[in-house]
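Structural features, examined
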Amino acid sequence: MFKKIADLDIGSIDAINYSGRKEKELLKRIFYKDAFLDRILETKKYFIVGEKGTGKTAYATYLSNGVYNSTNSTTKNINSTDYTKFYHLKQIGHLPVSDFIDTWKVILLLLLCDHIKENGRSRFGAPEKFKSAQQAIEKYYDSAFDPEVVSAIEFVKDAEISAELLVKYAKLAASERSSVSASGTKFQTNLLIIEKSLKEAISSLDLRDDHILFIDGIDVRPSALSFTDYMECVRGLAFAVWQLNTEFLANIRDSKGRIKVVLLLRPDIFDAVEFQNANAKMRDNSVNLSWITTYGDYRTSRIFQLVDGILAKQTGHDPMIAGEAWDHYFNYDVPNMRIAERLDNPFVSFLRYSFYRPRDVISYLGIMQEYVRQHNSGMMNFTDRVFLNCQKEYSDYLLGEVRDYLSFYYSSADFNELVGFFKFMKGKSKFSWDEFIENYTRFHAANSREKLTLQQLKDGPEEFIQFLYSMNVVGYDEEAEHGPGRFVHWCFRDRTPVNLSPKIPTGLNAGRPYGVHPGLVRALQVGGENEAKATHRRR
């Protein structure tokens, strides 16, 4: 009934890899269909917000791999080349920052037209206006339109030619043309003509099904662009998505099927966009992908059900009892960290060493599976020893996630500076504020002749510990209000739709309230190997 560990198909940690036929079938079989999936389809949900590794791309990819609940979807990825080409429009004088929104709207409309041409079913066939717009687009691309963002940018770059073709084929009346030519540069005028033509083409459709255009790749910043320049592009895109949805797509009449554009964003980027009424947009117009749970409630958590489902759906048998597959593969206990007489399920260890993201748990499972393949390919069950023996490799993976986060904001920063700081922690993974100040001072004394690239390391200990907290490297303990014990704060757990940028308190000296995340202890070489093992076994 159950497969050997070596034969399990756990899947990829990056959902963007589910594009081939075989991979699509695997995703269809193991995908965790929960309430979030249906919430994404709701008419006024325009943003999927979640940390890296929480499943934004997985949801978009799953919906784009086929028709789901009468909804036909497509995912378009923006890559580093696209951002560079988009920003080049500004550099050549075409695009003042004020036009970023209008330019992105035209790009999105062009991608929508192509999606509907390939996937849309109009109840009365394609109307003349839509056919005419398609003829103009095909004429520009010489009948070989590549439906990617970079091709749409080229269409905008040649706005004068594109506008002339749309006027010719769509037969935009002179009065309509003059209505968008009253003010602005020639580029702006042509841009508005293109936008008006594409909107009219889409408005003329009477679609049978709903349609979603997902825009992904927002957290990919090219090294050639500064973070400020990158955010100008992203801010324009985010506002374009909002305006296109609320001012145009939501108001199309006489069509059974609805159309919307959905942007995939990390919480920190959503915060940096600086939407007006951002809190309302997060609550009313976003699906916030959070997998947060507690150790006591792990069994009913979404993240446990997802992982248990991946294991269960490979048996080929009827639906199993919830948790049965997990209990088969992980049929051992781990000691509770606080109460010596109590035992915990090993899933608690996965939570403890992760950022509570599906990617983390699946990564750890993949590392453990590879270890089994190399050392005992016939194993049917994981063991505590396998978990411990894979801890270093997993810790290196988690540190790599931190490195990626840092490079997104600071492409020129030396990651070794951050890692090097922990060499001054005297092997301690727990510390007080006074100890942190002491180690911070020692680090700067040892590096007084070096030109540090990480600004937060130069701004003072308060700024630096907040920086470490925001990257989930460091957290802090808080005494429980009721009963004994402490509550451990991590940024990923404290972040909420209301508070996207939680703060870490400074000056705590009762005991050693600050601590390095357990999943990073091995990679940062603090705590020591024996401490790491003891911590796991106490759980």
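One structure accompanies this document, and this report is about it. (Residues numbered from 1 in each chain as written. Predicted model: local features only at pLDDT ≥ 70, side-chain atom pairs only at ≥ 80, totals over all residues. Heavy atoms only, no water.)

Moving on, we get to the overall build of the protein chain. Of the regular secondary structure elements, the protein chain holds 26 helices and eleven strands. What you see for the protein chain is a C-alpha radius of gyration of 26 Å, in line with the 24 Å of a compact globule of 539 residues. Dimensions along the principal axes, computed over C-alpha positions, put the protein chain at roughly 80 × 65 × 45 Å. Counting every position in the protein chain, which comprises 539 residues, the buried fraction comes to 54%. (Helix = DSSP H or I, 4+ residues; strand = E, 2+ residues; numbered from the N terminus. Rg over C-alpha atoms; globule rule 2.2 N^0.38 Å. Buried < 20%, exposed > 50% of the residue type's maximum accessible area, 1.4 Å probe, protein only.)

Turning next to unusual backbone geometry. Of note in this structure, N277 is not a glycine but carries a positive phi near 55°. Within the secondary structure layout, N277 lies in the loop between α12 (267-273) and α13 (278-284). Note on N277: relative accessible area 54%, which makes it exposed. At N472, a residue that is not glycine, the phi angle is positive and equals roughly 65°.

Moving on, we come to helix α6 (residues 128-140). A rise of 1.5 Å per residue sets the reference length of α6, with its 13 residues, at 18 Å; its end C-alpha atoms lie 19 Å apart and thus fit the reference within 8%. What α6 keeps buried is the set F130, S132, A133, Q134, A136, I137 and Y140. Check the buried side of α6 and you find it contacts α5 (100-119), α7 (149-157), α8 (159-170) and α10 (186-203). The first or second residue beyond α6 is D142, which carries a positive phi of 55°. (Expected span 1.5 Å × (residues − 1). Contact = heavy atoms within 4.5 Å.)

With that settled, the discussion passes to the sheet that holds strand β11 (residues 514-516). Taken in spatial order, the four strands line up as β8-β11-β9-β10 in an open sheet, and their pairing is antiparallel. Edge strands, defined here as strands with exactly one partner in the open sheet, are β8 (430-431) and β10 (486-489). Relative to β11, strand β9 (residues 474-479) is paired through three bridges, and the arrangement is antiparallel. Within β11, the residue paired with Y476 across the bridge is Y514. In the packing of helix α23 (residues 461-470) onto the sheet, contacts are made with β8, β9, β10 and β11, and the angle to β9 comes to roughly 95°. (Pairing = 2+ DSSP bridges. Axes fitted to C-alpha atoms, helices over the stretch in contact; angles between N-to-C directions.)

This next bit is on the pairing of β9. Here β9 pairs with β10 via four bridges, running antiparallel. Each residue of the ladder has a partner; that of Y476, found in β10, is H489.

Moving on, we get to the environment of L468. Looking at the secondary structure, you find L468 in helix α23. Sequence spacing of L468 and V402 is 66 residues, and the spatial spacing of their C-alpha atoms is 9.7 Å. In this structure L468 touches L418, F422, F436, V473 and V474, once residues within four positions along its chain are discounted.

This next bit is on the environment of I116. Tracing the backbone through its elements, the reader meets I116 in helix α5. Sequence-distant contacts of I116, defined by excluding residues within four places in its chain, comprise F130, L205, L207 and I259.

With that settled, the discussion passes to the nonpolar core. Formed by 178 residues in total, the largest nonpolar core has its most connected members in I218 and F422. If you tally residues by element for this core, the top one is α5, at eleven residues. Apart from the residues within four sequence positions on either side, F422 is in contact with L468, V473, V474, V516, L524 and V526. (Core = buried A, V, L, I, M, F, W, Y, C linked by side-chain atoms within 4.5 Å.)

Once that is clear, we can look at the sheet that holds strand β5 (residues 286-288). Spatially, the five strands line up as an open sheet ordered β2-β3-β4-β1-β5, and their pairing is parallel. This sheet does not close on itself; its edge strands, each paired only once, are β2 (71-77) and β5. Strand-to-strand twist in this sheet, taken as the mean axis angle between neighbours without regard to direction, amounts to 20°. Pairing between strand β1 (residues 47-49) and β5: three bridges, direction parallel. Residue pairing for β5: I48 is matched across the bridge by V287.

Within the secondary structure layout, Q314 lies in the loop between α14 (302-312) and α15 (324-329). In this structure the side chain of Q314 is engaged in a polar contact, spanning 2.6 Å, whose partner is the backbone nitrogen of D9. Of the polar contacts made by the side chain of Q314, one reaches the backbone oxygen of I310; its length is 3.0 Å. Each residue touching Q314, except ones within four places of it in the same chain, is listed here: K3, L8, D9 and I10. (Polar contact = N/O pair within 3.5 Å; in protein donor to acceptor, adjacent residues only side chain to side chain.)

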